[in-house]
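Breakdown of the fold
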Amino acid sequence: MAERSDRPAVTGGAERASLGRSGAAAFPGGGGTPGDGGTGPEDLLRQLWRSRANAFRAEVAPYFRYVAQSGFGLLVTALLLAAAIQYTLWLNEFPPDVPLGLYGAAWLWLAAVWAPMRTYLQEADTVFLLPMERAALNVYIRPLLVRAAAGGAIRALGAFALLAPLYVRAPHTLATAAGRPLWLLAAAFAAIGAWNAWGAWRERQTIEALPRMLLRLARYGATIAAAWGLLNAPLAPALAFAALAAWLVTALGRLPRRQVLPWERLIREEARARLRWQRFLSWFVDIPLEGWRPARRRWAAWAGDRLPWDRRHMWHYLYAKTFVRGETFGAWLRWHAVIGLLMLVFRASLADWALLVIGVLVGGVQLHELRRIRFPPLIVTLPLPEEDVRRQAAARVAQAAGAAGTLFLWLVSVLPGLRPWAWPDAALPAACLLWSLWLVPRRLAKRRTDDEE
Amino acid sequence: MTARHGNGTPAAGGHAAPAPDQGAPALEIRHLTGGYSRKKPVLHDISFTVKAGEMVGLIGLNGAGKSTVIRHVLGLMTPHAGEVRVAGVTLREDRERYRQSCAYVPEQPLLLPHLTVREHLRLTASAYGLERQEAARRAEEMAAAFRMTEALDALPDTLSKGMKQKAMLMCALLAAPPLLIVDEPLLGLDPLAIRSLMEMLDRARRAGSAILLSSHILPALERRADRLVVLHRGRIIAGGTPEEIKRQAGGDGADREMTLDDAFERLVLQAEPDLAGESGRG
């Protein structure tokens, strides 16, 4: 970059303030300034990441009680068990028509290219840590890079450890695997994993968007090609190719303009990481989503503008816009898309009917989230219609969305030519409409004690 | 809609609730005592009025009680004693008329995250019962005046603080109800927007809206406000026109060079001499 700061150095007290709620614990004794008693900027920065990581864990840990209560743990256990059983079956007899060399490369690619880095950087750091940028890079970021590289290596090794037993047994790769030492492959994949973490850091440093995207594509391409080569091609050329590709992409990474420490990108990335956790937890418990931004969704948001222009419909307007641009609508859309896709894949009456019912039921449950929409308290200063109208408005929006979702799934299930028509094709949508048009809105329109705020 | 406004100009008309006649009180606060706790009220026996077509400035140090007064006027807090009337009614007597009669611009812009600026204007216009065509015309006019035309279709998360503040102001001015409550409107605005805002407020005032304006920027109030209410520690320590305030601060008006800033400082120091050290002038 390097956009070095011209700001005057801040005092120790200001640095303490920069740590915010999660960083305060980084200054034991609550006393010293950076030059006081051995707690210089480097010492403080060293403790900062740890204290912020601990604070984050302490912040999310209480919510896992709700995750456990929801049965999510049971579901994950069941899925792991099913996967373990399937894996054991494959170990005994791997399907001969499955090209494991290709699938294995994709599997290892997925494990290697994902290179997360939790920095726990905050907005205030651009004010208070910026004057110590060099120290921040050396003491704060560099250990994170080492950690990210180690993480990448371990992920790639883990993925290869799972793949290797199948690799040496599968008919497609049996012959290739016989001629190469697995330890060498493991070492190569670990190196690829670590290299990806370094490459991802170079992308974060790249200032312009286009070179950054091209570098990422180059890294992805090099990784998949190297993984495929190491699993399927002669070993020595494959190793040479992997090394050459890594060197080439690294060299390419030196060309674009870079920032030494891309503060804002790291802060945004950190905010997204926090948001992902909060999104996950919000499936189980009502928690505020920090840094969340609404989606524009012009293609759907126009529907709210068709509502009548009068006071009676203001809550309808608010709910329609809020729903369409919010999280729930995204989840609701994805759900309907997945169900529709499954219908197209199965193309069988029974599966279509089951999917239609499940799709509409779960879609209705998602629409119950409209009850949890909260508007800023100052909205009461606007002359909006009373509380009853508000609940009715939420119900009407859910009704419209439920009807649209039901119609969409029904249309997909009866797409002409895919399968013969049968009586449930008429009866089931009627039952589904009962759920979408009556039961879900009825529950939303009911007054509950937690509506009183 | 303009026809419903007593003496409205097309630019500032459009009241959902009929504006009181010029000179009639749009806001009456009588013996208001209130705050978060009955044991330690923030406000003590506050009384003042804001008449239609009048701009009253509410001034005081941080923590003087300005925001608490505003929260009571908005009906977000219930008085321990006394009453607040907007357009002649209390919130309890006629909630709908009360709400239709005032619009509020908070110090921190509080836009709804899912609505664009244009959608906020639409929400406001229909909440206050404005006609669609007229509301659209005035929204465009205000957007041009505030240089917000390009931002009309933006969501709040893409706007700067100043632009958000302009959007809040546009909503309140679009509604143009009998009482406008504006809390620190000048913070975060660029000089051109400050000028546009003050012109818009003047137009709204000329059209019959009463304006209660809380601000720390006293020169602006000195030029524009008809009257001022000086709060200190939850009590009114002075009130009247800027000249009257200066006279109250300077005794018999001997100091002709006195600014409103000087007068305010003197009044506060008279009320609490211990603050002399903090003021830096001893």
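1. Focus: the overall build of chain A
A count of helical and extended segments in chain A gives 19 helices and 0 strands. Buried residues in chain A amount to 32% of all 453 residues. Sequence separation of 24 or more characterises 81% of the internal contacts of chain A that already satisfy a separation of 6 or more.

2. Some details on the overall build of chain B
The secondary structure content of chain B amounts to 10 helices and 9 strands. Put simply, chain B has 282 residues, and 50% of those count as buried.

3. Side note on the interface of chain B and chain A
Of the residues lining the interface, 21 residues belong to chain B; the matching set on chain A comes to 20 residues. At the level of secondary structure, the elements contributing two or more residues to the side of chain B that touches chain A comprise helix H2 (95-100) and helix H3 (117-127) of chain B. Looking at which element gives the most residues to the side of chain B that touches chain A, the answer is H3(B), with 4 residues. Among the residues forming the side of chain B that touches chain A, the class breakdown is 12 nonpolar, 4 polar and 5 charged.

4. Remarks on the environment of Ala207(B)
By the element assignment, Ala207(B) lies in the loop between helix H6 (191-206) and strand S7 (210-214). Taking the C-alpha atoms as reference points, Ala207(B) and Ala176(B), separated by 31 residues in sequence, lie 9.1 Å from one another.

5. Some words on the sheet that holds strand S4 (residues 81-86) of chain B
Residues and elements named next belong to chain B. Spatially, the 3 strands line up as an open sheet ordered S2-S1-S4, and their pairing is antiparallel. Looking at strand neighbours, the two that pair on one side only are strand S2 (43-51) and S4, the edges of this open sheet. Along the sheet, successive strands turn relative to each other by an average axial angle of 10 degrees, direction set aside. As paired strands, strand S1 (residues 25-34) and S4 are joined by 5 bridges and run antiparallel to one another. When the bridges of S4 are listed, Thr 33 appears paired with Ala 81. On the sheet, helix H1 (residues 66-73) packs against S1, S2 and S4 and is oriented at approximately 115 degrees with respect to S1.

6. Quick word on the confidence of the model for chain B
All names here are of chain B. On average, residues of chain B carry a pLDDT of 84, and 88% of them reach 70 or more. In this model residues 1-15 is a low-confidence stretch, pLDDT under 50, and it forms 44 contacts with partners more than four residues away in sequence or in other chains. Both scores are given for the predicted complex: the pTM is 0.69, the ipTM 0.79.

7. What to know about the sheet that holds strand S9 (residues 235-240) of chain B
All names here are of chain B. Strand order in this open sheet of 6 strands is S5-S6-S7-S3-S8-S9, and the pairing throughout is mixed. The open sheet has two edge strands with one neighbour each: strand S5 (102-105) and S9. The sheet shows a mean angle of 15 degrees between the axes of neighbouring strands, direction not considered. Bridge count between strand S6 (residues 179-183) and S7: 5 bridges; the pairing is parallel.

8. Remarks on the packing of helix H14 (residues 298-305) of chain A against helix H15 (residues 314-324) of chain A
All names here are of chain A. The geometry of H14 relative to H15 is characterised by a closest axis approach of 8 Å and an angle of 175 degrees between their N-to-C directions. With respect to each other, H14 and H15 are oriented roughly antiparallel. Each of Ala 300, Ala 301, Ala 303 and Gly 304 in H14 lies in contact with H15, whose residues at this interface are Tyr 317, Ala 320, Lys 321 and Val 324. In terms of residue class, the contact of H14 with H15 is built from 6 nonpolar, 1 polar and 1 charged.

9. Some remarks on the confidence of the model for chain A
Looking at chain A as a whole, its pLDDT mean stands at 84, while 89% of the residues score no less than 70. Considering only residues more than four positions removed or in separate chains, one finds that residues 1-37 of chain A, a stretch of pLDDT under 50, has 60 contacts.

10. So, H15(A)
Most of H15(A) sits out of view: 11 of its 11 residues are buried. For H15(A), the complete set of buried residues consists of Met314(A), Trp315(A), His316(A), Tyr317(A), Leu318(A), Tyr319(A), Ala320(A), Lys321(A), Thr322(A), Phe323(A) and Val324(A). The inward-facing, buried residues of H15(A) contact H14, helix H16 (327-346) and helix H18 (387-413) of chain A together with H3 of chain B.

11. Focus on the nonpolar core
In summary, soluble globular proteins display a tendency toward joint burial of nonpolar side chains. Counting residues in hydrophobic clusters, the biggest one holds 110 residues, and the most contacted among them are Met170(B), Ala172(B), Leu174(B), Leu179(B), Ile181(B) and Val230(B). No other element matches helix H5 (residues 161-175) of chain B, which puts 10 residues into this core. With residues near it in sequence (within four places) discarded, Ala172(B) still touches Ala103(B), Tyr104(B), Val105(B) and Leu180(B). Among the nonpolar cores identified, the runner-up in size contains 38 residues, and Ala153(A), Phe160(A), Leu163(A) and Ala177(A) belong to it.

12. Overview of unusual backbone geometry
One non-glycine residue, Arg297(A), adopts positive backbone phi at about 45 degrees. A tally of 17 C-beta atoms within 10 Å means that Arg297(A) is categorised as partly exposed.

13. Focus: the pairing of S1(B)
When a strand is regular, its side chains alternate between the sheet's two faces. Summarising the sheet, S1(B) and S2(B) pair through 6 bridges and their orientation is antiparallel. When the sheet's bridge partners are listed, Glu28(B) is paired in S2(B) with Thr49(B).

14. Remarks on the pairing of strand S3 (residues 55-60) of chain B
All names here are of chain B. A large share of S3 lies buried, amounting to 6 of its 6 residues. By the bridge criterion, 4 bridges tie S3 to S7 in an arrangement that is parallel. What sits directly across from Leu 58, in S7, is Ser 214. Judged from the 5 bridges that link them, S3 and strand S8 (residues 227-232) form a sheet pairing that is parallel. Within the sheet, the bridge partner assigned to Leu 58 lies in S8 and is Val 229.

15. Topic: the packing of H16(A) against helix H17 (residues 349-367) of chain A
All names here are of chain A. Relative to each other, H16 and H17 sit at 180 degrees, their axes nearing to 10 Å. For the element pair H16 / H17, the angle class is roughly antiparallel. From H16, Thr 328, Ala 331, Trp 332, Trp 335, His 336, Ile 339, Leu 342, Met 343 and Phe 346 reach across to H17, where they touch Ala 351, Asp 352, Leu 355, Gly 359, Val 362, Gly 363, Gln 366 and Leu 367. Considering only residue class, the contact of H16 with H17 consists of 11 nonpolar, 5 polar and 1 charged.

16. Considerations on the environment of Val60(A)
All names here are of chain A. With respect to the helices and strands, Val 60 occurs in helix H3 (residues 41-60). By the C-beta count within 10 Å, which is 15 here, Val 60 ends up partly exposed. Between the alpha carbons of Val 60 and Arg 274 there is a distance of 9.8 Å; along the sequence they are 214 residues apart. Residues in contact with Val 60, not counting those within four places in the same chain, are Trp 277 and Leu 281.

Basis of the calculations
- Residues numbered from 1 in each chain as written.
- Chains lettered and ligands numbered in written order.
- Predicted model: local features only at pLDDT ≥ 70, side-chain atom pairs only at ≥ 80, totals over all residues.
- Helix = DSSP H or I, 4+ residues; strand = E, 2+ residues; numbered from the N terminus.
- Buried ≥ 20, exposed ≤ 12 C-beta atoms within 10 Å, placed from the backbone.
- Contact = placed C-beta atoms within 7 Å.
- Nonpolar A, V, L, I, M, F, W, Y, C, P; charged D, E, K, R; others polar.
- Pairing = 2+ DSSP bridges.
- Axes fitted to C-alpha atoms, helices over the stretch in contact; angles between N-to-C directions.
- pLDDT = per-residue confidence, 0-100.
- Parallel < 35°, antiparallel > 145°, perpendicular 65-115°, else oblique.
- Core = buried A, V, L, I, M, F, W, Y, C linked by C-beta atoms within 7 Å.

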